[in-house]
Amino acid sequence: MTMTCRPFWLSLFLMFVAISPASAESWADSIYESLQERKLPEQSLSLAAIPLDGPGEPRFVNADEQMNPGSTMKLVTTYAALELLGPNFQWHTRLYTDGEQKGDTLKGNLYYVGVGDPKLTLERMWLLLRDLRAMGIKHIRGDLVLDGSYFHLPNGVPHFNDDGDNPYAPYLVEPGSLLTNLNVFRIRMMSRDGKVHVSTEPPVSKIVIDNKVTAPERGRCPVHNSKALQYEPDFSDRRKITVTITGALPENCRADRYLSLMSQQDYTANLIRGLWREMGGTLSGRDRTGRLARGAKLLVTTSSPDLVTMVRDINKWSSNVMARQLFLTIGAENRLAGDKDDLAAADRAILEWMRLKGIDISQVVLENGSGLSRLERITAHQQALMLQQAWRSPFAAELIASLPLVAMDGTMRNRLRNTALVGEGHIKTGTLRNVRSIAGFTRDQNNTTWAVAAMINDRSAWKSRAVLDEVLKAVHTLVEPGTDASRVTAASAGDGR
């Protein structure tokens, strides 16, 4: 019998290649298997992973294919905003008058000047009007004039086609300078003592509830967005909007629903009047839109939280309308004479900023910066390179902290639980018809942080959540030659363990 002897170093090398769970050839095997199990074509996936602070080689799968990213496009908008506007940027909403105060009466028009504050909540609006009331003003003898000229949108914004599923859904609210309280009404219901009690927030007299919900003694409480309860608005009467609610709410159950039922102008005007009325005030004039009168005097101001707070809300919970407000703000604050509107100004400013970062922008298509778009496009490679630049930014900590923590909060709170990835990644998710995506920062088992971007575009993308989870698992289990983890693995195999 002839025996072939191999040098010790060659045997050790071959042994390492055989056992390495994430060699260059095999690291994506589990991802491909997951695609095959769900009958998704390999070309539907675009993936890029780049190591940021440790050993490793970038990994790519169809990484230069132009794809629709869904809501991971919010990372482009929020990172650009941190650098173009600054982390301490704020929105300042103000009330003015062109009249005079006589005792407890303001004789003149009240001007509300909106600036697109993404988080002008009911509570902050109440505080703004309370400050006005604290000036001794109780009666306003003039019109309520709404100035929404901060955003330059002569042709409005493109309408998003949601396939007619729910035109009143909060995520479909369009952006605008006069946005307040995200332009939604909260309908709250509680079943008690055989009756269903209904209330609406904010207090607007124009909204009327026609409650036809039954209250059975037994039954399961409806989950969020359950079809057990149906909401049907009726706009036939100009003086009111009647919302008919039908279905069943078992004893001691609660249910909430958020609906957008008014234009921003009507909503904001009705909100101001409702809150002012609750404070015992009167406003005798009519509601109208217009520009702030020259020489008008400032009365009171409310200032938003800083941009860092806004970015966190946008990315943790994937708020479309807040992202669209931010996108337009970038445009408004960087507008040039040649820009046809603030959408164009934002597009130009962000693409110029990306180009200066050394990122190829040839395949980047922006529409509203939120990902709520059939047109927006980017490649996984471009997105990962942008994240690599973000890692080096002075505001890296602010951006990373805004992303959902794997298995812990935001849109990632229910994903990858009971795995080694709990808390190991900050990942933004994206969901749209025919689109699923992830992008952000995650760590491998040797504590190297990676920038990861992955998108699936396919008619069956709704089946791909597990595939994208597998991407994060594959990156987490990467073992690069020369790392502590690879040496431990090779040593263990040599000992026969």
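Quick caveat: nothing in here was measured; it's all calculated off a predicted structure.

Trainee: Would you explain the domain arrangement of the chain in this entry?
Mentor: Size of an interface: often given as the accessible area lost when the parts come together. What the domain assignment lists for the chain is domain 1 (34–88 + 308–477), domain 2 (92–157 + 265–304) and domain 3 (185–259). One C-alpha centre belongs to domain 2, the other to domain 3, and the line joining them spans 31 Å. Counting residues at the interface gives nine residues for domain 2 and seven residues for domain 3. Across the domain 2 to domain 3 interface the summed buried area is about 610 Å²; carbon plus sulfur atoms make up 65%.

Trainee: Would you mind going over the confidence of the model for the chain with me for this structure?
Mentor: Regions with low pLDDT should not have their predicted coordinates read in detail. With 91% of its residues at a pLDDT of at least 70, the chain reaches an overall mean of 91. In the predicted structure, residues 485–497 sits below a pLDDT of 50 and forms 15 contacts with residues beyond four places in sequence or in another chain.

Trainee: Explain the pattern of salt bridges here, please?
Mentor: Charged atoms that come close allow side chains of opposite charge to pair. Taken as a whole and judged by the stated rule, the model has 18 salt bridges. The salt bridge partner of Glu-352 is Arg-348, with a shortest N-O separation of 3.7 Å. Here Glu-352 and its partner Arg-348 are both found in helix 8 (residues 342–356), four residues apart, which amounts to about one turn of the helix. One network of salt bridges, in which partners are shared, links Asp-143, Arg-286 and Arg-288.

Trainee: Explain the layout of surface pockets here, please?
Mentor: To find leftover empty space, a probe the size of one water molecule is rolled over the atoms. Counted as a void, the second largest pocket has a volume near 740 Å³. Along the walls of the second largest pocket sit 37 residues, with Val-157, Glu-174, Pro-175, Gly-176 and Gln-264 positioned nearest its centre. Grouping the constituent residues of the lining of the second largest pocket by class yields 14 nonpolar, 17 polar and six charged.

Trainee: Quick question: what am I supposed to make of the state of the cysteines here?
Mentor: One pass over the full model with this rule turns up one disulfide. Bridging Cys-221 to Cys-253, the disulfide has an S-S length of 1.9 Å. Linking Cys-221 and Cys-253, the disulfide has an S-S dihedral of approximately -85° and is accordingly described as left-handed. Here the residue Cys-221 occupies a position in the loop between strand 11 (207–214) and strand 12 (229–234), and Cys-253 occupies one in the loop between strand 13 (241–248) and strand 14 (254–259), the gap between them amounting to 32 residues. On the basis of relative accessible area, Cys-253 is assigned to the buried category, the value being 1%.

Rules and cut-offs
- Residues numbered from 1 in each chain as written.
- Predicted model: local features only at pLDDT ≥ 70, side-chain atom pairs only at ≥ 80, totals over all residues.
- Heavy atoms only, no water.
- Domains from an automatic or database assignment.
- Contact = heavy atoms within 4.5 Å.
- Buried area = accessible area lost by both parts, 1.4 Å probe.
- pLDDT = per-residue confidence, 0-100.
- Salt bridge = Lys/Arg side-chain N within 4 Å of Asp/Glu carboxyl O.
- Helix = DSSP H or I, 4+ residues; strand = E, 2+ residues; numbered from the N terminus.
- 1 Å grid on protein atoms, 1.4 Å probe; cavity = no way out; pocket = protein on both sides within 12 Å on 5 of 7 lines; lining within 4 Å.
- Points joined across faces, edges and corners; volume = space filled by probe spheres on them.
- Nonpolar A, V, L, I, M, F, W, Y, C, P; charged D, E, K, R; others polar.
- Disulfide = S-S within 2.5 Å.
- Buried < 20%, exposed > 50% of the residue type's maximum accessible area, 1.4 Å probe, protein only.

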